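Listed below, chain by chain, are the residues.
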Amino acid sequence: MASGAPQKMARGTEGTQGFLDMLLRDFPAPLSLESPMPWKAPGTVLSQEEVEAELVELAMGFLGSRNAPPPLAASLAHTAVSQLLQMDLSEFRKLPRQEEEEEETSVTLLDAQGLARSFFNLLWEVASQWQKQVPPTARTLPRQWLVSIHAIRNTRRKMEDRHVALPAFNQLFGLSDPVDRAYFAVFDGHGGVDAARYAAVHVHANAARQPELPTDPEGALGEAFRLTDQMFLRKAKRERLQSGTTGVCALIAGTTLHVAWLGDSQVILVQQGQVVKLMEPHRPERQDEKARIEALGGFVSHMDCWRVNGTLAVSRAIGDVFQKPYVSGEADVASRELTGSEDYLLLACDGFFDFVPHQEVAGLVQSHLVRQQGSGLHVAEELVAEARERGSHDNITVMVVFLRDPRELLEGGVQGTGDSQADGRSCDLPSGLSEPQTEAPWRS
(Lines give C-alpha, C1' and ligand atoms only; values in the text may rest on other atoms or scores of the structure.)
Protein backbone atom coordinates (compact mmCIF):
# COMPACT_ATOMS: atom_id res chain seq x y z
CA MET A 1 0.00 0.00 0.00
CA ALA A 2 1.64 3.21 -1.11
CA SER A 3 -0.46 5.67 0.85
CA GLY A 4 -2.95 5.88 3.68
CA ALA A 5 -2.28 5.23 7.37
CA PRO A 6 -1.26 1.65 8.14
CA GLN A 7 -3.41 -0.16 10.68
CA LYS A 8 -3.22 -3.12 13.00
CA MET A 9 -4.95 -5.74 10.89
CA ALA A 10 -7.31 -8.56 11.85
CA ARG A 11 -5.92 -12.05 11.36
CA GLY A 12 -7.22 -15.49 10.47
CA THR A 13 -10.46 -16.83 9.07
CA GLU A 14 -12.70 -14.99 11.54
CA GLY A 15 -11.23 -11.60 10.63
CA THR A 16 -11.39 -12.44 6.93
CA GLN A 17 -15.01 -13.54 7.02
CA GLY A 18 -16.03 -10.64 9.20
CA PHE A 19 -14.44 -8.16 6.82
CA LEU A 20 -16.25 -9.59 3.79
CA ASP A 21 -19.58 -9.53 5.65
CA MET A 22 -19.03 -5.89 6.61
CA LEU A 23 -17.94 -4.88 3.10
CA LEU A 24 -21.00 -6.43 1.49
CA ARG A 25 -23.30 -4.86 4.07
CA ASP A 26 -21.89 -1.45 3.17
CA PHE A 27 -22.03 -2.20 -0.57
CA PRO A 28 -25.00 -4.57 -1.07
CA ALA A 29 -24.93 -4.25 -4.88
CA PRO A 30 -22.54 -3.30 -7.69
CA LEU A 31 -22.25 0.36 -8.62
CA SER A 32 -24.64 1.74 -11.18
CA LEU A 33 -23.64 4.48 -13.58
CA GLU A 34 -25.32 6.97 -11.24
CA SER A 35 -23.73 5.66 -8.02
CA PRO A 36 -21.04 7.77 -6.38
CA MET A 37 -17.58 6.23 -6.53
CA PRO A 38 -16.17 4.89 -3.26
CA TRP A 39 -12.69 5.96 -4.33
CA LYS A 40 -11.01 8.62 -6.42
CA ALA A 41 -9.98 7.57 -9.91
CA PRO A 42 -6.21 7.75 -10.55
CA GLY A 43 -6.26 10.79 -12.84
CA THR A 44 -8.25 11.22 -16.05
CA VAL A 45 -6.42 8.75 -18.29
CA LEU A 46 -4.15 5.74 -17.86
CA SER A 47 -1.84 4.23 -20.40
CA GLN A 48 -2.28 0.52 -21.03
CA GLU A 49 0.98 -0.23 -19.21
CA GLU A 50 -0.16 1.67 -16.11
CA VAL A 51 -3.52 -0.03 -15.59
CA GLU A 52 -2.52 -3.03 -13.46
CA ALA A 53 -0.44 -1.15 -10.90
CA GLU A 54 -2.81 1.83 -10.63
CA LEU A 55 -5.86 -0.35 -10.01
CA VAL A 56 -3.96 -2.54 -7.54
CA GLU A 57 -3.04 0.63 -5.66
CA LEU A 58 -6.65 1.81 -5.78
CA ALA A 59 -7.90 -1.47 -4.32
CA MET A 60 -5.21 -1.71 -1.64
CA GLY A 61 -5.82 1.86 -0.52
CA PHE A 62 -9.58 1.29 -0.34
CA LEU A 63 -9.37 -2.08 1.43
CA GLY A 64 -6.60 -0.93 3.75
CA SER A 65 -8.64 2.10 4.82
CA ARG A 66 -11.36 -0.37 5.88
CA ASN A 67 -8.87 -2.48 7.87
CA ALA A 68 -8.90 -5.50 5.57
CA PRO A 69 -6.46 -8.26 6.62
CA PRO A 70 -3.39 -7.81 4.36
CA PRO A 71 -3.50 -11.26 2.68
CA LEU A 72 -7.20 -10.84 1.93
CA ALA A 73 -6.76 -7.32 0.54
CA ALA A 74 -3.86 -8.45 -1.66
CA SER A 75 -5.69 -11.54 -2.93
CA LEU A 76 -8.89 -9.62 -3.66
CA ALA A 77 -6.96 -6.93 -5.54
CA HIS A 78 -5.01 -9.47 -7.59
CA THR A 79 -8.06 -11.53 -8.54
CA ALA A 80 -10.14 -8.51 -9.57
CA VAL A 81 -7.30 -6.92 -11.56
CA SER A 82 -6.57 -10.22 -13.33
CA GLN A 83 -10.20 -10.49 -14.38
CA LEU A 84 -10.26 -6.92 -15.64
CA LEU A 85 -7.09 -7.40 -17.68
CA GLN A 86 -8.71 -10.37 -19.44
CA MET A 87 -11.57 -8.14 -20.63
CA ASP A 88 -11.75 -6.17 -23.85
CA LEU A 89 -10.79 -2.67 -22.68
CA SER A 90 -11.44 -0.97 -26.02
CA GLU A 91 -14.62 0.64 -24.65
CA PHE A 92 -12.42 2.69 -22.30
CA ARG A 93 -10.09 3.92 -25.00
CA LYS A 94 -9.62 7.67 -25.26
CA LEU A 95 -8.16 9.42 -28.27
CA PRO A 96 -4.98 11.35 -27.46
CA ARG A 97 -4.68 15.02 -28.20
CA GLN A 98 -3.01 15.93 -31.48
CA GLU A 99 0.32 16.80 -29.84
CA GLU A 100 0.26 13.47 -27.97
CA GLU A 101 -0.38 11.60 -31.21
CA GLU A 102 2.63 13.28 -32.76
CA GLU A 103 4.89 12.33 -29.84
CA GLU A 104 3.62 8.83 -28.97
CA THR A 105 1.69 7.07 -31.67
CA SER A 106 2.02 3.69 -29.91
CA VAL A 107 0.53 4.73 -26.54
CA THR A 108 -3.00 3.51 -25.77
CA LEU A 109 -4.80 5.82 -23.33
CA LEU A 110 -7.79 4.60 -21.34
CA ASP A 111 -10.50 6.41 -19.38
CA ALA A 112 -9.43 6.14 -15.73
CA GLN A 113 -12.89 6.98 -14.36
CA GLY A 114 -14.63 4.25 -16.33
CA LEU A 115 -11.94 1.71 -15.50
CA ALA A 116 -12.17 2.53 -11.80
CA ARG A 117 -15.96 2.02 -11.77
CA SER A 118 -15.79 -1.29 -13.63
CA PHE A 119 -12.93 -2.45 -11.43
CA PHE A 120 -14.90 -1.78 -8.24
CA ASN A 121 -17.73 -3.92 -9.55
CA LEU A 122 -15.31 -6.76 -10.29
CA LEU A 123 -13.90 -6.40 -6.78
CA TRP A 124 -17.45 -6.55 -5.42
CA GLU A 125 -18.18 -9.72 -7.41
CA VAL A 126 -15.03 -11.44 -6.11
CA ALA A 127 -15.89 -10.46 -2.53
CA SER A 128 -19.42 -11.86 -3.01
CA GLN A 129 -18.03 -15.18 -4.24
CA TRP A 130 -15.49 -15.38 -1.43
CA GLN A 131 -18.11 -14.65 1.21
CA LYS A 132 -19.18 -18.28 0.68
CA GLN A 133 -15.65 -19.70 0.69
CA VAL A 134 -12.38 -17.80 1.03
CA PRO A 135 -9.35 -19.29 -0.79
CA PRO A 136 -6.66 -20.53 1.64
CA THR A 137 -4.03 -18.12 0.27
CA ALA A 138 -6.25 -15.15 1.19
CA ARG A 139 -6.46 -16.09 4.87
CA THR A 140 -2.98 -15.89 6.36
CA LEU A 141 0.58 -14.79 5.70
CA PRO A 142 3.41 -17.32 6.04
CA ARG A 143 5.22 -14.81 8.28
CA GLN A 144 3.96 -12.04 10.52
CA TRP A 145 5.81 -8.73 10.17
CA LEU A 146 6.20 -5.93 12.67
CA VAL A 147 6.79 -2.66 10.80
CA SER A 148 6.89 0.79 12.41
CA ILE A 149 6.37 3.71 10.02
CA HIS A 150 6.20 7.44 10.62
CA ALA A 151 6.23 10.30 8.09
CA ILE A 152 5.86 14.05 8.56
CA ARG A 153 5.77 17.07 6.28
CA ASN A 154 7.86 18.93 8.86
CA THR A 155 8.40 22.61 7.99
CA ARG A 156 8.23 22.09 4.22
CA ARG A 157 5.20 23.48 2.44
CA LYS A 158 4.40 20.14 0.82
CA MET A 159 4.71 16.47 1.73
CA GLU A 160 6.60 14.85 -1.15
CA ASP A 161 7.62 11.55 0.50
CA ARG A 162 5.79 8.28 -0.15
CA HIS A 163 6.34 4.82 1.30
CA VAL A 164 5.23 1.25 0.65
CA ALA A 165 4.89 -1.78 2.95
CA LEU A 166 3.74 -4.99 1.25
CA PRO A 167 4.05 -8.09 3.43
CA ALA A 168 1.61 -9.87 1.10
CA PHE A 169 3.71 -9.35 -2.04
CA ASN A 170 3.09 -12.87 -3.39
CA GLN A 171 -0.68 -12.68 -2.93
CA LEU A 172 -0.82 -9.25 -4.56
CA PHE A 173 0.76 -10.53 -7.75
CA GLY A 174 -0.39 -14.14 -7.75
CA LEU A 175 3.07 -15.63 -7.20
CA SER A 176 2.62 -19.27 -6.22
CA ASP A 177 6.21 -20.50 -5.83
CA PRO A 178 7.37 -21.58 -2.34
CA VAL A 179 9.50 -18.44 -1.74
CA ASP A 180 7.84 -16.00 0.67
CA ARG A 181 8.36 -12.34 -0.30
CA ALA A 182 7.82 -8.99 1.39
CA TYR A 183 8.57 -5.55 -0.07
CA PHE A 184 9.29 -2.22 1.64
CA ALA A 185 10.22 1.12 0.08
CA VAL A 186 10.66 4.85 0.72
CA PHE A 187 10.53 7.48 -2.05
CA ASP A 188 11.57 11.11 -1.55
CA GLY A 189 10.15 13.43 -4.20
CA HIS A 190 11.41 16.84 -5.30
CA GLY A 191 9.78 19.46 -7.49
CA GLY A 192 6.34 17.97 -6.74
CA VAL A 193 4.89 14.71 -5.48
CA ASP A 194 3.99 13.12 -8.84
CA ALA A 195 7.19 11.14 -9.35
CA ALA A 196 7.31 9.83 -5.77
CA ARG A 197 3.68 8.79 -5.91
CA TYR A 198 4.24 7.12 -9.28
CA ALA A 199 7.29 5.19 -8.07
CA ALA A 200 5.42 4.07 -4.96
CA VAL A 201 2.74 2.56 -7.21
CA HIS A 202 4.79 1.11 -10.06
CA VAL A 203 8.24 -0.07 -8.93
CA HIS A 204 7.02 -3.16 -7.08
CA ALA A 205 4.46 -3.95 -9.81
CA ASN A 206 7.16 -3.76 -12.48
CA ALA A 207 9.41 -6.00 -10.37
CA ALA A 208 6.66 -8.60 -9.99
CA ARG A 209 6.14 -8.67 -13.78
CA GLN A 210 9.78 -9.52 -14.50
CA PRO A 211 10.16 -13.17 -15.58
CA GLU A 212 13.56 -13.31 -13.86
CA LEU A 213 12.19 -12.34 -10.42
CA PRO A 214 12.42 -15.94 -9.03
CA THR A 215 15.94 -16.53 -10.37
CA ASP A 216 17.48 -13.02 -10.40
CA PRO A 217 15.69 -10.71 -7.94
CA GLU A 218 18.50 -8.15 -8.18
CA GLY A 219 18.08 -7.91 -11.92
CA ALA A 220 14.29 -7.70 -11.58
CA LEU A 221 14.54 -4.79 -9.14
CA GLY A 222 17.02 -2.94 -11.31
CA GLU A 223 14.81 -3.40 -14.36
CA ALA A 224 11.77 -2.30 -12.34
CA PHE A 225 13.40 1.04 -11.52
CA ARG A 226 14.47 1.51 -15.14
CA LEU A 227 10.99 0.75 -16.49
CA THR A 228 9.30 2.96 -13.91
CA ASP A 229 11.58 5.84 -14.89
CA GLN A 230 10.76 5.35 -18.58
CA MET A 231 7.03 5.13 -17.87
CA PHE A 232 7.04 8.24 -15.73
CA LEU A 233 9.02 10.19 -18.32
CA ARG A 234 6.32 9.37 -20.89
CA LYS A 235 3.65 10.50 -18.44
CA ALA A 236 5.66 13.63 -17.63
CA LYS A 237 5.79 14.58 -21.31
CA ARG A 238 2.04 13.95 -21.73
CA GLU A 239 1.08 15.91 -18.63
CA ARG A 240 3.95 18.41 -18.51
CA LEU A 241 5.33 17.22 -15.17
CA GLN A 242 8.81 18.17 -13.98
CA SER A 243 9.17 16.34 -10.66
CA GLY A 244 11.59 13.60 -9.71
CA THR A 245 12.16 11.21 -6.83
CA THR A 246 14.91 9.30 -5.13
CA GLY A 247 14.01 5.88 -3.79
CA VAL A 248 15.18 2.86 -1.88
CA CYS A 249 13.48 -0.52 -1.63
CA ALA A 250 14.06 -3.81 0.15
CA LEU A 251 12.71 -7.12 -1.12
CA ILE A 252 13.02 -9.98 1.34
CA ALA A 253 12.71 -13.21 -0.64
CA GLY A 254 12.99 -16.27 1.55
CA THR A 255 16.24 -15.86 3.47
CA THR A 256 17.79 -13.30 1.10
CA LEU A 257 17.61 -9.52 1.35
CA HIS A 258 17.72 -7.60 -1.94
CA VAL A 259 18.00 -3.80 -2.00
CA ALA A 260 17.83 -1.31 -4.86
CA TRP A 261 18.22 2.46 -4.76
CA LEU A 262 18.46 5.71 -6.67
CA GLY A 263 19.71 8.92 -5.10
CA ASP A 264 20.15 9.57 -1.38
CA SER A 265 17.30 7.72 0.30
CA GLN A 266 18.96 4.91 2.23
CA VAL A 267 18.52 1.54 3.93
CA ILE A 268 20.70 0.13 6.69
CA LEU A 269 20.70 -3.27 8.38
CA VAL A 270 21.31 -3.67 12.11
CA GLN A 271 22.64 -7.08 13.13
CA GLN A 272 23.20 -7.87 16.81
CA GLY A 273 23.46 -4.17 17.55
CA GLN A 274 25.96 -3.44 14.78
CA VAL A 275 25.14 -1.36 11.70
CA VAL A 276 25.81 -3.17 8.42
CA LYS A 277 26.31 -0.85 5.47
CA LEU A 278 24.35 -2.06 2.45
CA MET A 279 24.70 0.78 -0.06
CA GLU A 280 26.34 4.03 -1.10
CA PRO A 281 23.93 6.90 -1.91
CA HIS A 282 24.13 8.63 -5.30
CA ARG A 283 25.34 12.17 -4.78
CA PRO A 284 26.90 14.47 -7.39
CA GLU A 285 30.15 14.81 -5.43
CA ARG A 286 30.88 11.07 -5.67
CA GLN A 287 33.84 10.77 -8.04
CA ASP A 288 32.23 8.08 -10.19
CA GLU A 289 28.97 10.04 -10.44
CA LYS A 290 30.80 13.28 -11.22
CA ALA A 291 32.81 11.53 -13.94
CA ARG A 292 29.66 9.99 -15.45
CA ILE A 293 27.86 13.35 -15.55
CA GLU A 294 30.81 15.18 -17.09
CA ALA A 295 31.30 12.44 -19.70
CA LEU A 296 27.73 13.15 -20.84
CA GLY A 297 28.44 16.87 -21.16
CA GLY A 298 26.99 17.98 -17.84
CA PHE A 299 28.70 19.53 -14.83
CA VAL A 300 28.70 19.38 -11.04
CA SER A 301 28.94 22.63 -9.07
CA HIS A 302 28.69 23.67 -5.44
CA MET A 303 25.78 26.01 -4.68
CA ASP A 304 25.11 25.56 -0.93
CA CYS A 305 25.57 21.84 -1.70
CA TRP A 306 26.85 19.86 -4.69
CA ARG A 307 24.36 19.93 -7.57
CA VAL A 308 23.97 18.46 -11.05
CA ASN A 309 24.02 21.24 -13.66
CA GLY A 310 23.47 23.74 -10.85
CA THR A 311 20.04 22.33 -9.94
CA LEU A 312 19.57 18.90 -8.35
CA ALA A 313 21.38 17.68 -5.24
CA VAL A 314 21.11 14.03 -6.29
CA SER A 315 22.71 12.38 -9.30
CA ARG A 316 20.18 9.59 -9.88
CA ALA A 317 16.40 9.72 -9.71
CA ILE A 318 13.18 8.63 -11.34
CA GLY A 319 11.77 11.51 -13.39
CA ASP A 320 13.47 14.91 -13.73
CA VAL A 321 12.69 14.89 -17.42
CA PHE A 322 14.75 18.00 -18.19
CA GLN A 323 17.87 16.64 -16.44
CA LYS A 324 18.08 13.32 -18.26
CA PRO A 325 20.52 11.70 -18.94
CA TYR A 326 22.71 13.55 -16.43
CA VAL A 327 20.40 12.47 -13.61
CA SER A 328 20.32 8.74 -14.28
CA GLY A 329 17.32 6.46 -13.84
CA GLU A 330 19.53 3.38 -13.43
CA ALA A 331 19.36 1.94 -9.91
CA ASP A 332 22.13 0.15 -8.05
CA VAL A 333 21.30 -3.20 -6.44
CA ALA A 334 22.81 -5.47 -3.78
CA SER A 335 21.92 -8.70 -2.00
CA ARG A 336 22.76 -10.30 1.34
CA GLU A 337 21.89 -13.66 2.87
CA LEU A 338 20.03 -13.42 6.18
CA THR A 339 21.15 -15.74 8.98
CA GLY A 340 18.39 -15.09 11.51
CA SER A 341 20.67 -12.99 13.72
CA GLU A 342 19.61 -9.69 12.06
CA ASP A 343 17.67 -7.22 14.21
CA TYR A 344 15.91 -4.88 11.77
CA LEU A 345 16.09 -2.83 8.59
CA LEU A 346 15.73 0.93 8.63
CA LEU A 347 14.67 2.73 5.44
CA ALA A 348 14.56 6.52 5.43
CA CYS A 349 14.89 9.62 3.28
CA ASP A 350 17.69 12.19 3.50
CA GLY A 351 15.57 14.29 5.86
CA PHE A 352 16.47 11.66 8.45
CA PHE A 353 19.95 10.46 7.47
CA ASP A 354 21.36 13.96 7.00
CA PHE A 355 20.85 14.52 10.74
CA VAL A 356 21.09 11.06 12.33
CA PRO A 357 24.29 9.25 11.30
CA HIS A 358 24.22 5.51 10.73
CA GLN A 359 26.27 4.72 13.82
CA GLU A 360 23.75 6.38 16.15
CA VAL A 361 20.66 4.51 14.93
CA ALA A 362 21.20 1.31 16.93
CA GLY A 363 21.61 3.16 20.23
CA LEU A 364 18.49 5.26 19.63
CA VAL A 365 16.40 2.20 18.80
CA GLN A 366 17.75 0.28 21.80
CA SER A 367 16.96 3.17 24.16
CA HIS A 368 13.42 3.31 22.80
CA LEU A 369 12.91 -0.43 23.27
CA VAL A 370 14.16 -0.22 26.86
CA ARG A 371 11.70 2.57 27.66
CA GLN A 372 8.84 0.77 25.89
CA GLN A 373 9.64 -2.62 27.45
CA GLY A 374 10.36 -4.25 24.11
CA SER A 375 7.53 -2.72 22.08
CA GLY A 376 8.72 -1.46 18.70
CA LEU A 377 5.42 -0.10 17.44
CA HIS A 378 6.33 3.57 17.91
CA VAL A 379 10.08 3.48 17.29
CA ALA A 380 9.81 5.20 13.89
CA GLU A 381 7.92 8.08 15.47
CA GLU A 382 10.72 8.63 17.97
CA LEU A 383 13.40 8.47 15.28
CA VAL A 384 11.56 11.08 13.20
CA ALA A 385 11.30 13.31 16.27
CA GLU A 386 15.04 12.90 16.87
CA ALA A 387 15.89 14.08 13.34
CA ARG A 388 13.57 17.04 13.71
CA GLU A 389 15.07 18.01 17.07
CA ARG A 390 18.53 17.93 15.50
CA GLY A 391 17.49 20.53 12.94
CA SER A 392 15.91 18.71 9.99
CA HIS A 393 13.38 20.92 8.20
CA ASP A 394 12.82 18.49 5.31
CA ASN A 395 10.05 15.93 4.92
CA ILE A 396 11.01 12.96 7.10
CA THR A 397 10.00 9.34 6.54
CA VAL A 398 11.33 6.45 8.62
CA MET A 399 10.39 2.78 8.29
CA VAL A 400 11.72 0.13 10.69
CA VAL A 401 11.19 -3.47 9.59
CA PHE A 402 11.89 -5.83 12.49
CA LEU A 403 13.54 -9.09 11.48
CA ARG A 404 13.36 -10.43 15.04
CA ASP A 405 10.94 -9.87 17.91
CA PRO A 406 12.06 -6.54 19.41
CA ARG A 407 11.78 -8.06 22.90
CA GLU A 408 14.68 -10.33 21.97
CA LEU A 409 16.83 -7.30 21.22
CA LEU A 410 16.70 -6.22 24.87
CA GLU A 411 18.53 -9.37 25.93
CA GLY A 412 21.69 -8.21 24.15
CA GLY A 413 22.02 -5.12 26.33
CA VAL A 414 23.47 -1.87 25.01
CA GLN A 415 23.90 -1.75 21.25
CA GLY A 416 27.31 -1.38 19.67
CA THR A 417 28.51 1.69 17.86
CA GLY A 418 28.39 -0.02 14.47
CA ASP A 419 29.43 1.69 11.25
CA SER A 420 31.36 4.85 12.07
CA GLN A 421 31.04 6.47 8.67
CA ALA A 422 28.95 9.65 8.98
CA ASP A 423 26.81 10.82 6.12
CA GLY A 424 27.34 14.10 4.28
CA ARG A 425 24.52 16.61 3.98
CA SER A 426 22.38 17.00 0.87
CA CYS A 427 19.57 19.33 0.00
CA ASP A 428 16.48 19.52 -2.19
CA LEU A 429 14.79 22.25 -4.17
CA PRO A 430 11.91 24.19 -2.53
CA SER A 431 8.46 22.63 -2.84
CA GLY A 432 4.84 23.80 -2.97
CA LEU A 433 1.91 23.94 -0.56
CA SER A 434 0.32 20.81 0.90
CA GLU A 435 -1.08 19.40 4.13
CA PRO A 436 1.15 17.33 6.41
CA GLN A 437 0.99 13.56 6.26
CA THR A 438 1.53 11.37 9.30
CA GLU A 439 1.61 7.60 9.32
CA ALA A 440 0.88 5.31 12.26
CA PRO A 441 2.82 2.17 13.21
CA TRP A 442 1.53 -0.93 11.45
CA ARG A 443 1.59 -4.60 12.13
CA SER A 444 0.31 -7.39 9.91
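Above this note sits the structure.
Predicted model only: the values in this text are computed from it and were never measured. (Residues numbered from 1 in each chain as written. Predicted model: local features only at pLDDT ≥ 70, side-chain atom pairs only at ≥ 80, totals over all residues. Heavy atoms only, no water.)

**Quick word on the pattern of salt bridges**
- Inspection of every chain in the model, using the stated rule, returns 24 salt bridges.
- Across the pair Glu49 and Arg234 runs a salt bridge whose closest N-O atoms are separated by 2.9 Å. Residue Glu49 is located in the loop between strand E1 (45–47) and helix H2 (51–65), and its partner Arg234 is located in helix H8 (residues 217–239); the two are separated by 185 residues in the primary sequence.
- Of the charged contacts in the structure, one is a salt bridge between Glu382 and Arg371, with a shortest N-O distance of 2.0 Å. Separated by 11 residues along the polypeptide, Glu382 in helix H12 (residues 379–389) and Arg371 in helix H11 (residues 358–371) bring together distant segments of the chain.
- The structure contains a network of salt bridges with shared partners spanning Glu289, Arg292, Arg316 and Asp332. (Salt bridge = Lys/Arg side-chain N within 4 Å of Asp/Glu carboxyl O. Helix = DSSP H or I, 4+ residues; strand = E, 2+ residues; numbered from the N terminus.)

**Notes on unusual backbone geometry**
- For the peptide bond that leads from Lys324 to Pro325, omega is 5°, which places it in the cis range.
- Its place among the elements puts Pro325 in the loop between strand E13 (318–319) and strand E14 (332–337).
- If you check the backbone angles, Asn154 has positive phi at about 65° while not being a glycine.
- Tracing the sequence through the fold places Asn154 in the loop between strand E4 (146–152) and strand E5 (161–166).
- At Arg240, a position not held by glycine, the phi torsion is positive, near 55°.
- Inspection of the secondary structure assignment puts Arg240 in the loop between H8 and strand E7 (244–253).

**Looking at the nonpolar core**
- Within the largest apolar cluster, 79 residues are counted, with the highest numbers of intra-cluster contacts made by Trp39, Leu76, Tyr183, Phe187 and Phe225.
- Counting the residues that make up this core, at least three belong to each of domain 1 (19–95 + 104–140) and domain 2 (142–412).
- When near neighbours in sequence (up to four residues on either side) are disregarded, Leu76 contacts Leu20, Leu63, Leu123, Val126, Ala127 and Trp130.
- If you look at the next biggest cluster of nonpolar residues, it comprises 27 residues, including Leu146, Val361, Val400 and Leu409. (Core = buried A, V, L, I, M, F, W, Y, C linked by side-chain atoms within 4.5 Å. Buried < 20%, exposed > 50% of the residue type's maximum accessible area, 1.4 Å probe, protein only. Domains from an automatic or database assignment. Contact = heavy atoms within 4.5 Å.)

**A word on the pairing of strand E8 (residues 256–262)**
- Among the 7 residues in E8, 7 count as buried, and that is most of the element.
- Neither face of E8 is left uncovered, since the one carrying Thr256, His258, Ala260 and Leu262 and the one carrying Leu257, Val259 and Trp261 both have all their residues buried.
- Alignment of E7 against E8, held across 7 bridges, turns out to be antiparallel. When the sheet's bridge partners are listed, Ile252 is paired in E8 with Leu257. (Pairing = 2+ DSSP bridges.)

**What to know about the packing of aromatic side chains**
- On inspection of all chains with the given rule, the structure shows 12 aromatic pairs.
- On the basis of an interplanar angle of 65° and a centroid distance of 5.9 Å, the ring pair of Phe27 and Phe62 is categorised as edge-to-face. With a gap of 35 residues between them, Phe27 in the loop between helix H1 (12–26) and E1 and Phe62 in helix H2 connect regions that are remote in the sequence.
- With centroids separated by 5.8 Å and ring planes inclined at 65°, the aromatic side chains of Tyr344 and Phe402 adopt a geometry described as edge-to-face. With Tyr344 in strand E15 (residues 342–348) and Phe402 in strand E16 (residues 396–402), this pair connects stretches of sequence that are 58 residues apart. Of the two residues, Tyr344 and Phe402, both sit in the buried class.
- An aromatic cluster of at least three residues, connected via ring pairs, comprises Phe27, Trp39, Phe62, Phe119 and Phe120. (Phe/Tyr/Trp six-rings, centres within 6.5 Å; stacked < 30°, edge-to-face > 60°.)

**Some remarks on the sheet that holds strand E3 (residues 109–111)**
- With antiparallel pairing, the 3 strands of this open sheet are ordered in space as E1-E3-E2. Taken across any chain shown, the strands that pair with only one partner, and hence form the sheet edges, are E1 and strand E2 (93–94).
- Bridge analysis of E2 against E3 gives 2 bridges, and the strand direction is antiparallel. Paired with Lys94 across the bridge in E3 is Leu109.
- In this fold helix H5 (residues 112–132) packs onto E1 and E3, with an angle of close to 60° to the strand it touches most, E3. (Axes fitted to C-alpha atoms, helices over the stretch in contact; angles between N-to-C directions.)

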